[in-house]
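Analysis of the macromolecular model
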Amino acid sequence: MLTKLLSELQNIPHISYKEHAPMKDYTSFQIGGPADVLIQPENIDAFLACRKILQKTHIPCHIIGAGSNLLVGDKGVRGAVIRLSKPFNTITREGNNLIADAGVSLARLAAFALEAGLSGLEFASGIPGTLGGAVYMNAGAYGGEMKDVVTETLYVDAAGNLLSLKGNAHEFGYRKSFFSWQDAVILRSTITLTPSDPEQIRATMQDLNNRRREKQPLTYPSAGSTFKRPEGHFAGQLIEEAGLKGFSVGGACVSEKHAGFVVNTGNATAKDVRTLMELITQKVQEKFGVTLEPEVRFLGEF
């Protein structure tokens with residue numbers, strides 16, 4: 001089946017692919033075994049053509065963006081991984097709206113908004129990852145969330161239909177959305193912003209990014225916040241008060257700078273990270289009676 005897939009992919013324009021692609025090269029954790037095949041479409045038509053072939057050949061398909069919220073198993077991923085990142089990252093402006101492909105990085109989108117003199121995305125300028133992943137999980141920071149700015153999303157459902165959501169139909173909640181429980185792929189979103197002074201926008205972005213650098217372990221590979229915020233608590237504070245700051249399993253370590261981050265100190269395996277996460281969850285549950293839920297997504301064979 002894989003041979004047939006590779007043969008058919010050669011006939012699709014605006015697409016690139018790689019066999020036995022090491023997923024550590026495509027995740028911010030810099031961890032993960034090989035995917036059978038990694039496919040990178042350049043536009044929506046190429047993605048739809050690729051997806052049609054995968055359905056016809058019955059090959060499992062997994063969609064990722066920049067891999068900034070992802071832990072891939074050491075044994076890799078069977079089937080195909082479709083990566084919606086560069087060059088699947090077109091942005092256009094229509095008045096106060098930015099219409100952007102799912103593969104656009106939040107940093108680039110925020111910078112585009114700044115240059116356009118549009119306010120509302122300042123909070124996102126330092127969040128790693130792509131627009132698609134951010135919409136999927138309603139990413140947020142420093143009081144802002146994607147729900148505040150996303151007004152329409154184009155997606156493809158399990159049957160291959162191109163559909164769109166508007167406004168409240170996104171069902172945004174804390175680190176979740178309509179897409180959290182749907183077999184659907186986000187392709188493009190419309191971001192509605194407010195005209196403002198570019199210098200004020202720039203100053204706000206610089207302030208937030210300075211705060212991020214001061215508080216977060218950005219010098220080590222990680223997947224950002226490892227756990228979701230439990231209701232009434234902060235995950236990092238619970239982990240620190242459980243005495244786990246600096247605790248490590250193999251090359252995975254609870255950050256000394258911010259206990260809400262598990263970092264790769266240089267040679268961590270997916271097993272190291274997952275074991276450490278399980279230990280953290282157990283200790284916090286025992287000490288505080290609070291169940292931590294991973295914010296990191298798991299993919300592949302562990």
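Residues numbered from 1 in each chain as written. Predicted model: local features only at pLDDT ≥ 70, side-chain atom pairs only at ≥ 80, totals over all residues. Heavy atoms only, no water.

What follows is about unusual backbone geometry. A cis amide bond, omega 0 degrees, links K86 with the succeeding residue P87. For P87, the position within the fold is in the loop between β5 (77-83) and β6 (91-94). A positive phi angle, near 60 degrees, is found at H14, a position not held by glycine. With respect to the helices, strands and loops of the structure, H14 is situated in the loop between α1 (2-9) and β1 (15-22). Owing to a relative accessible area of 46%, H14 belongs among the partly exposed residues under this scheme. A positive phi angle, near 55 degrees, is found at E171, a position not held by glycine. (Helix = DSSP H or I, 4+ residues; strand = E, 2+ residues; numbered from the N terminus. Buried < 20%, exposed > 50% of the residue type's maximum accessible area, 1.4 Å probe, protein only.)

This brings us to the sheet that holds strand β17 (residues 262-264). Judged by pairing direction, the sheet is antiparallel, and its 3 strands sit side by side in the order β15-β16-β17 without closing on themselves. A strand with exactly one partner marks an edge of an open sheet, and here the two such strands are β15 (248-249) and β17. The strands touched by helix α7 (residues 270-288) are β15, β16 (252-254) and β17; relative to β16, the strand with the most contacts, the crossing angle is about 30 degrees. (Pairing = 2+ DSSP bridges. Contact = heavy atoms within 4.5 Å. Axes fitted to C-alpha atoms, helices over the stretch in contact; angles between N-to-C directions.)

Another aspect to go through is the nonpolar core. Formed by 55 residues in total, the largest nonpolar core has its most connected members in L109, L121, M146 and I191. If we ignore the near neighbours within four places in the chain, the residues touching L121 are L109, A110, A113, V149, I191 and L193. Judged by nonpolar contacts, the second largest core, of 24 residues, contains L238, A259, V273 and I280. (Core = buried A, V, L, I, M, F, W, Y, C linked by side-chain atoms within 4.5 Å.)

For the rest of this paragraph, the subject is the pairing of strand β11 (residues 150-156). As judged from the 6 bridges shared by β11 and strand β13 (residues 185-192), these two strands associate in the antiparallel manner. Paired with T153 across the bridge in β13 is S189. Summarising the sheet, β11 and strand β12 (residues 162-166) pair through 5 bridges and their orientation is antiparallel. Counted as the bridge partner of V156 is L162 from β12.

Below, the discussion takes up the sheet that holds β5. Backbone hydrogen bonds hold the strands of a sheet together, and the pairing may be parallel or antiparallel. Taken in spatial order, the 4 strands of this open sheet run β1-β2-β5-β3, and their pairing is mixed. This sheet does not close on itself; its edge strands, each paired only once, are β1 and β3 (61-64). The average undirected angle you get between the axes of adjacent strands in this sheet is 25 degrees. Here 4 bridges tie strand β2 (residues 34-41) to β5, and the two strands are oriented parallel to one another. Among the inter-strand pairings, I39 is bridged to a residue of β5, identified as I82. Here α1 sits on the sheet and contacts β1, β2 and β5; the angle it forms with β2, its principal contact strand, is near 20 degrees.

What follows is about helix α2 (residues 44-57). Between its first and last C-alpha, α2 extends 20 Å over 14 residues, near the 20 Å set by a 1.5 Å rise per residue. Turning to α2, its buried residues are I44, A46, F47, C50, R51, I53, L54 and T57. A distance of 3.3 Å separates the backbone nitrogen of D45 from a side-chain oxygen at the start of α2, and that oxygen is part of N43. H58 lies just past α2 and shows a positive phi near 60 degrees. (Expected span 1.5 Å × (residues − 1). Polar contact = N/O pair within 3.5 Å; in protein donor to acceptor, adjacent residues only side chain to side chain.)

With that settled, consider the packing of helix α3 (residues 106-115) against helix α5 (residues 198-215). Between two packed helices, the angle of one axis relative to the other and the distance separating the axes together describe the packing. The contact between α3 and α5 brings their axes to 9 Å, and the two run at 150 degrees. Compared by their axis directions, α3 and α5 come out roughly antiparallel. Two secondary-structure elements touch here, α3 through A110, L114 and E115 and α5 through P198, I201, R202 and M205. Classifying every residue of the contact of α3 with α5 gives 5 nonpolar, no polar and 2 charged. (Parallel < 35°, antiparallel > 145°, perpendicular 65-115°, else oblique. Nonpolar A, V, L, I, M, F, W, Y, C, P; charged D, E, K, R; others polar.)

Before going further, it helps to examine the pattern of salt bridges. As enumerated under the stated definition, the model contains 14 salt bridges in all. With a shortest N-O distance of 3.3 Å, D25 and K24 are connected by a salt bridge. The partly exposed category is assigned to D25, whose relative accessible area is 46%. Taking relative accessible area as the criterion, K24 reaches 42% and is therefore assigned partly exposed. Residue K228 pairs with E293 through a salt bridge whose shortest N-O separation is 3.0 Å. (Salt bridge = Lys/Arg side-chain N within 4 Å of Asp/Glu carboxyl O.)

Here D272 shows up in helix α7. Buried charge without a partner: D272 forms no salt bridge, and the closest opposite charge is K271, 7.3 Å away. A polar side-chain atom of D272 sits 3.2 Å from the main-chain amide nitrogen of G251. Setting aside anything within four residues of it in sequence, one finds D272 in contact with V249, G250, G251, A252 and N267. (Lys, Arg positive; Asp, Glu negative; His and termini not counted.)

So, on to the environment of M205. Relative to the helices and strands, M205 resides in helix α5. Between the C-alpha atoms of M205 and L238, which are 33 residues apart in sequence, the distance is 29 Å. Apart from the residues lying within four places of it in its own chain, the contact partners of M205 are A110, L114, E122 and S125.

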